[in-house]
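# Architecture at a glance
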2 protein chains.
Amino acid sequence: MKIEIIGAGAVGLLVASFLAEKQASVKLITRTEQQAVQLKVNNLMRTNCDGTTSVFPIDAAASLSGDADIIVIAVKYGQLQDVFKQLQTVKPTTPILFLQNGLAHYDEALRLPFHQIAFCSVQFGAQKINEYHVAHKGIGPMKIAVAKGEKIFFSHLGAYSSERFLIVFEGDAEAMLLEKAWLNCFINPLTAILQVPNGQLIQRIDAFQLLKKLYNEMIMAFPQFAENFHFEQVVALCERTAENTSSMLADVLAGRETEIETIVGAIIKKAHIDNKQLPILQTLYLLVKALEESGERM
Amino acid sequence: MKIEIIGAGAVGLLVASFLAEKQASVKLITRTEQQAVQLKVNNLMRTNCDGTTSVFPIDAAASLSGDADIIVIAVKYGQLQDVFKQLQTVKPTTPILFLQNGLAHYDEALRLPFHQIAFCSVQFGAQKINEYHVAHKGIGPMKIAVAKGEKIFFSHLGAYSSERFLIVFEGDAEAMLLEKAWLNCFINPLTAILQVPNGQLIQRIDAFQLLKKLYNEMIMAFPQFAENFHFEQVVALCERTAENTSSMLADVLAGRETEIETIVGAIIKKAHIDNKQLPILQTLYLLVKALEESGERM
């Protein structure tokens, strides 16, 4: 079975490395011809969580082969429109797996003419070191949920599951993406605005108070999470990742576009549909967007 | 009539210079003996808004003389406790004029045993250049309102009013301080968090949207301002001071304590008494306080 992964960023490289490690037939579809050459010449390298490095021979190209048995889309939300154009030549029976953060891509993806569409929520950490080298930064499952078609077309991916890269199947794709986006609302915008590592959100008295108020607001708007996500878990997450720079802060510091729209914006929209207000989150959302408008500060 | 001004920061120096210019008998009470000597040796210098510089001979000392006819308190809120100790030796009949921002000092000041107490709301801009040199950065009135005792004990100050330093009397001291603090809530916290000059609040789309939402929230909580303060005036203020660094941002950048508590904190408390919620302002308040907890960012 030929798996083609569109996007050789941190997530695409990491997923490719774990599939290759389990002898899957993987091909990375890169944005540039150069990166495809670099991958083929240097092989795909992965620095593991324990500091060791593994190397995997990998196939790569700058365009889809046209006969993949499954296509995994691992580009960021902002690049999806380009990818949708590439997919126009692909057979509608080809199963498609989306690996984006947030909810913004969900409805759009389901309007594509493909018969089999699934979504992923990845819980691992990945950091791109160079065009062919990725670091695994925190073990966590890759959750897959089928939203259109039959699970059978994706279930064979379970064979590539491993201890350090667990592949698990979930029932409701939208609920799964919502849950992940909801969780992302706690650490990402606050760290991006205050420009501090995650741990400072619980070490600074006032940041902690704000985090608590945000939690209460989020639970009021999404009571379905009240049972499974207690405030203590948000605190524990800050503790566990105390030294980490959140992805949103990293984007702000680098002057890149953040995922504020697809994560926080989507949650606000979702709440709005249910007539729920999120004034704290809305304030954080506008502050991050205002920061994005110019990378420069005084 | 001997006027003694406690505090030779930007505001104290500027007020002293305008009173001295009108031939008032002014004495600056400095924190250190050195600053008093510097003021006496070098005279008091003021760079005017038009770029010219004026020089005034000035008396100064590190402690109160004990026979002032009026005492003006021009220290920041945080230094008031020290000043209250100095005032213990002062005759309770001496009129006292407070020149602080915000509302936090109001109740405390009125509990002092003095018979004549008035408050100021200053609308001018001042920047301390060195121990004896201040720059006038924007013309605006010094509003005085008597809160305890009789206006007659302060009204002679009106004689020192000038075109560039208008002294005007208001009726209700608390309402006057509330109005100034209320206005300060728009530009100060937002510029401090985003770390941008005032004009960016209306130039960045998302900051502008947040400013608008904040305005609506503030008007809902303080409907008494709805008639006199339209959103257009907030926008005009940002335009007029587009290049300025707000005092709160200047404090954050210098790692100093800000006036968040006495300005924004006081407004939130005031609203709370009337059972009004200010979730956006409360979020900004906690963010500025979290920024204060450490001057360092990543």
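The rules behind these values
- Residues numbered from 1 in each chain as written.
- Chains lettered and ligands numbered in written order.
- Predicted model: local features only at pLDDT ≥ 70, side-chain atom pairs only at ≥ 80, totals over all residues.
- Heavy atoms only, no water.
- Helix = DSSP H or I, 4+ residues; strand = E, 2+ residues; numbered from the N terminus.
- Expected span 1.5 Å × (residues − 1).
- Buried < 20%, exposed > 50% of the residue type's maximum accessible area, 1.4 Å probe, protein only.
- Pairing = 2+ DSSP bridges.
- Contact = heavy atoms within 4.5 Å.
- Least-squares fit on C-alpha atoms with pLDDT ≥ 70 in both.
- Buried area = accessible area lost by both parts, 1.4 Å probe.
- Salt bridge = Lys/Arg side-chain N within 4 Å of Asp/Glu carboxyl O.
- Polar contact = N/O pair within 3.5 Å; in protein donor to acceptor, adjacent residues only side chain to side chain.
- Nonpolar A, V, L, I, M, F, W, Y, C, P; charged D, E, K, R; others polar.
- Axes fitted to C-alpha atoms, helices over the stretch in contact; angles between N-to-C directions.
- 1 Å grid on protein atoms, 1.4 Å probe; cavity = no way out; pocket = protein on both sides within 12 Å on 5 of 7 lines; lining within 4 Å.
- Points joined across faces, edges and corners; volume = space filled by probe spheres on them.
- Parallel < 35°, antiparallel > 145°, perpendicular 65-115°, else oblique.
- Left-handed = near helix turned anticlockwise from the far one by under 90°.
- Phe/Tyr/Trp six-rings, centres within 6.5 Å; stacked < 30°, edge-to-face > 60°.
- Lys NZ or Arg CZ within 6 Å of the ring centre and 35° of its normal.
- Domains from an automatic or database assignment.

On to helix α12 (residues 279–292) of chain A, then. Residue and element names in this part refer to chain A. A rise of 1.5 Å per residue sets the reference length of α12, with its 14 residues, at 20 Å; its end C-alpha atoms lie 20 Å apart and thus fit the reference within 8%. Of all 14 residues making up α12, 12 are buried, and the element is well covered by its neighbours. Listed as buried for α12 are I280, L281, Q282, T283, L284, Y285, L286, L287, V288, K289, A290 and L291.

Bringing the pairing of strand β11 (residues 142–148) of chain B into the picture now. All names here are of chain B. Burial of β11 is extensive: five of the seven residues sit out of reach of the surface. Looking at chain direction, β11 and strand β12 (residues 167–170) are connected through four bridges and run parallel. When the sheet's bridge partners are listed, K143 is paired in β12 with V168.

A word on the environment of A290(B). Note that A290(B) resides in helix α12 (residues 279–292). Residue classification places A290(B) among the buried residues on the basis of a relative accessible area of 0%. Here the alpha-carbon distance between A290(B) and I193(B), two residues 97 residues apart in the chain, equals 10.0 Å. The contact partners of A290(B), leaving out residues within four places of it in the chain, are L194(A), R204(A), D206(A) and A207(A).

Take the relation of the copies chain B and chain A next. What relates the pair of chain copies is a rotation about an axis plus a shift along that axis. In the superposition of chain B on chain A (RMSD 0.0 Å, axial shift 0.0 Å), the rotation amounts to 180 degrees. Look at the turn and shift together and you get a two-fold axis relating the two. Both copies share a contact surface, since 100% of the interface residues of chain B are interface residues in chain A too.

Moving on to the interface of chain B and chain A. By a widespread convention, an interface's size corresponds to the accessible area lost as its parts come together. Facing 32 residues of chain B, the contacting portion of chain A comprises 32 residues. Note on chain B versus chain A: buried area summed over both sides is about 2700 Å², and carbon and sulfur give 65% of it. Where chain B touches chain A, the interface holds zero salt bridges. Where chain B meets chain A, there are six residue pairs in polar contact (both at pLDDT 80 or more). By residue class, the composition of the side of chain B that touches chain A is 18 nonpolar, seven polar and seven charged.

All names here are of chain A. Tallying each qualifying case throughout the model produces 17 salt bridges over all chains. Across the pair D67 and K2 runs a salt bridge, and its minimum N-O distance is 2.8 Å. Linking D67 in the loop between β5 (59–61) and β6 (70–73) with K2 in strand β1 (residues 2–6), this pair joins segments that are 65 residues apart in sequence. Taking the relative accessible area as the measure of exposure, K2 reaches 32% and is therefore partly exposed. Put simply, K128 and E131 hold a salt bridge, and the shortest N to O gap is 3.1 Å. Each member of the salt-bridge network shares a partner with another, and the members are E21, R46 and R164.

The next thing to look at is the sheet that holds strand β9 (residues 126–130) of chain B. Residues and elements named next belong to chain B. Pairing in this open sheet of four strands is mixed, and the strands run β4-β3-β10-β9 from one edge to the other. Strands with a single pairing partner mark the edges of an open sheet, and in this sheet they are β4 (53–56) and β9. Going across the sheet, the axis of each strand differs from the next one's by a mean of 25 degrees, ignoring polarity.

Residues and elements named next belong to chain A. Going through the model one piece at a time under the given rule, you end up with six cavities of 30 Å³ or more. Counted as a void, the largest cavity has a volume near 50 Å³. Taken together, L64, G66, D67, A68, I71, V90, K91 and T94 form the lining of the largest cavity. A breakdown of the residues in the lining of the largest cavity according to their chemical character gives four nonpolar, two polar and two charged.

Let's shift gears to the packing of α12(A) against α12(B). To describe two helices that pack against each other, one gives the angle between their axes and the distance between the axes. The geometry of α12(A) relative to α12(B) is characterised by a closest axis approach of 8 Å and an angle of 60 degrees between their N-to-C directions. It follows from the interaxial angle that α12(A) and α12(B) lie oblique. For the crossing formed where α12(A) meets α12(B), the hand is right-handed. On the side of α12(A), the interface is formed by P279(A), I280(A), T283(A), L284(A) and L287(A), while α12(B) contributes P279(B), I280(B), T283(B), L284(B) and L287(B).

Each aromatic ring pair is described using two quantities: the centre-to-centre distance and the angle formed by the ring planes. Under the criterion given, the structure shown has 26 aromatic pairs over all chains. Seen from their ring centres, W182(A) and F186(A) are 5.1 Å apart, and the 85 degrees between their planes marks the pair as edge-to-face. In this pair, W182(A) and F186(A) are both assigned in helix α6 (residues 173–194), four residues apart and thus about one turn of the helix distant. Grouping residues by exposure puts W182(A) and F186(A) together as buried. Look at F18(B) and F165(B): their rings are 4.6 Å apart centre to centre, the planes differ by 5 degrees, and that puts the pair in the stacked class. Residue F18(B) is found in helix α1 (residues 10–21), and its partner F165(B) is found in the loop between α5 (152–155) and β12; the two are separated by 147 residues along the sequence. On the basis of relative accessible area, F165(B) is assigned to the buried category, the value being 0%. In this structure, R46(A) packs its charged tip against the face of F18(A), placed 3.9 Å from the ring centre.

Before going further, it helps to spend a moment on the domain arrangement of chain A. Residue and element names in this part refer to chain A. The assigned domain composition of chain A is domain 1 (2–171) and domain 2 (177–292). Inter-centroid distance (C-alpha atoms) of domain 1 to domain 2 is 26 Å. Listed per partner, the contact involves 15 residues of domain 1 and 12 residues of domain 2. Taken over both partners, the interface formed by domain 1 and domain 2 buries close to 1100 Å², and the fraction arising from carbon and sulfur atoms is 58%. Seen at the junction of domain 1 and domain 2, the total is one salt bridge. Of the charged contacts, one joins D251 and K76 as a salt bridge, the two residues approaching to 3.8 Å between their closest N and O atoms. Joining domain 1 to domain 2, the criterion identifies five residue pairs in polar contact (both at pLDDT 80 or more). For the side of domain 1 that touches domain 2, the element with the most residues is strand β8 (residues 117–122), which contributes four residues. Partitioned by chemical class, the residues of the side of domain 1 that touches domain 2 number seven nonpolar, six polar and two charged.

A word on the sheet that holds strand β10 (residues 133–136) of chain A. All names here are of chain A. Strand order across the open sheet formed by four strands is β4-β3-β10-β9, with mixed pairing between neighbours. Across the chains shown, the open sheet's two edge strands, defined by having one partner strand only, are β4 (53–56) and β9 (126–130). The mean angle between the axes of side-by-side strands here comes to 25 degrees, regardless of whether they run parallel or antiparallel. Of the pairings in the sheet, the one linking strand β3 (residues 44–47) to β10 comprises three bridges and is parallel in character.

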